[in-house]
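# Working through the structure, step by step
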Amino acid sequence: MAASSGSATHESRSETRVVVLGTGTPAADPERWGPAVAVVVNGRAYLVDCGPGVVRRAAAAEKKGFPELTAKELKIVFITHLHSDHTLGYPDLIFSPWVMGREVPLEAYGPRGLRSMTDHVEKAWKEDVWVRRNGLEQEGPLGYRVNVHEIRAGVVYRDENVTVTAFPVKHGIWKEAYGYKFETKDRKIVISGDTAPTDEVVKACDGCDVLLHELYNPHGDELNDEHWRKYFATFHTSPKELGEIARRARPKLLVLYHQVLERLPEEDLTEQVGSEYSGAWVSAKDLGVY
């Protein structure tokens, strides 16, 4: 049975929790900030993507009871791909937590091109860094730095809390785009990133506790244009396609995120999902917890 599509929260009693910081798209929707997800376990937060407003969304989650998401504790991020809506918060994630007390470099994992992006960000803010380090602020020497890890598919990170596995997804003409699987001692979480339908999501989930998957509404007026129909078919996933993926992947909970609403009410999209999938699911809103 489907969870309520209007519910912002589907609280988990597990040690591992998923906080959807932002569900937005490039559209300037003030209710949906840029795409970003936090997997929180054992006092630590692991971010996936850093859309616009990521640090402030994390601060909002902190106020909801997640001290792991205080700015200075934002120390690691896994980036699915380098589209601007997923990375416009990257400079924010690099510099704001440093100003707010982070004393160690940010660890950033993502596809090839992330190192070049990081180098350009650091150069763009070099005057800011000089003033903050040499002026009266006297900021520390490490907190603004980034250790970049350009990844390939497979296990990309492991510590005492989590094992993170990257898997390739199909996002149009991007040469590299990834989803991520987080395995902790009590849960398995899979995050699709942006993708057209792919068996890789099914294989990664395989009965996982939570599957977060992107989605677009094919009822939008744009879809009357052949160009945009081709675009969405090669870059994203429709409700019908997602229903098939979820039936094969068998998640305990399917979470819709990064929903492309096409200027239509959310209910139009969720009604389509409900007609395609009878398992447990919820359409995420910003700061939803699962």
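How each quantity is defined
- Chains are numbered independently. Their residues run from 1 in the order of the written sequence.
- Selection of residues for local features in this predicted model requires a pLDDT of at least 70, selection of side-chain atom pairs for listing and counting requires 80 or more, and totals for whole chains, interfaces and linings are taken over all residues.
- Only hydrogens and water are set aside; all other atoms, that is, all heavy atoms of the structure, feed into the side-chain values.
- A run of H or I in DSSP becomes a helix once it reaches four residues, and a run of E becomes a strand once it reaches two; helices and strands are each numbered from the N terminus.
- Note on classification: 1.4 Å probe, protein chains only; a residue is buried when its accessible area is under 20% of the maximum for its type, exposed when over 50%, partly exposed between these limits.
- Pairing between strands requires that DSSP locate at least two bridges from one strand to the other.
- Note on handedness: a crossover is taken as right-handed if, strands pointing away from the viewer, the path from the first strand over the helix to the second is clockwise.
- Put simply, buried Ala, Val, Leu, Ile, Met, Phe, Trp, Tyr and Cys residues joined by side-chain atoms within 4.5 Å make one nonpolar core.
- Two residues form a contact once any of their heavy atoms are found within 4.5 Å.
- Here an angle of 0 to 180 degrees is reported between the N-to-C directions of two axes, which are lines fitted to C-alpha atoms, with helices fitted over the stretch in contact.
- Two cysteine sulfurs form a disulfide in these notes if their separation is within 2.5 Å.

### So, unusual backbone geometry
A negative phi angle is the norm for most residues apart from glycine, just as the trans form is the norm for most peptide bonds. One non-glycine residue, Asp206, lies in positive phi territory at about 45°. The topology assignment puts Asp206 in the loop between helix H6 (199-205) and strand S11 (210-216). Of note in this structure, Leu287 is not a glycine but carries a positive phi near 75°. Looking at the element boundaries, Leu287 is found in the loop between strand S13 (281-283) and strand S14 (288-289).

### Observations concerning the pairing of strand S3 (residues 44-48)
Within S3, four of the five residues are buried, which leaves the element mostly enclosed by the surrounding structure. As judged from the five bridges shared by strand S2 (residues 36-41) and S3, these two strands associate in the antiparallel manner. What sits directly across from Val41, in S3, is Arg44. Read as a crossover between parallel neighbours, the route from S3 over helix H1 (residues 54-63) to strand S4 (residues 76-78) is right-handed.

### Some thoughts on the nonpolar core
If you look at the biggest cluster of nonpolar residues, it comprises 35 residues, and the most contacted ones within it are Val19, Leu21, Leu47, Val54, Leu69, Tyr90 and Leu93. At the level of secondary structure, the elements contributing two or more residues to this core comprise strand S1 (17-22), S2, S3, H1, helix H3 (90-99), strand S5 (106-110), helix H4 (114-124) and strand S6 (146-150). Residues Val164, Ala166, Tyr178 and Ile189 belong to the second largest nonpolar core, which totals 29 residues.

### A closer look at the side chain of Thr23
Along the chain, the position of Thr23 falls in the loop between S1 and S2. Setting aside residues up to four positions removed in sequence, Thr23 forms contacts with Arg32, Trp33, Gly34, His258, Gln259, Ala284, Lys285 and Asp286.

### Describing the sheet that holds S4
The seven strands lie next to each other as S6-S5-S4-S3-S2-S1-S14, forming an open sheet whose pairing is mixed. Every interior strand has two partners, whereas the edge strands, S6 and S14, have only one. Across the sheet, H1 lies against S1, S2 and S3, angled at about 135° from S1, the strand it touches most.

### A word on the state of the cysteines
Counted by the stated rule, this structure contains one disulfide. The disulfide bridge from Cys205 ends at Cys208, spanning 2.3 Å between sulfur atoms. Given an S-S torsion of about -85°, the disulfide between Cys205 and Cys208 has left-handed geometry. With respect to class, Cys205 is no different from Cys208; both count as buried.

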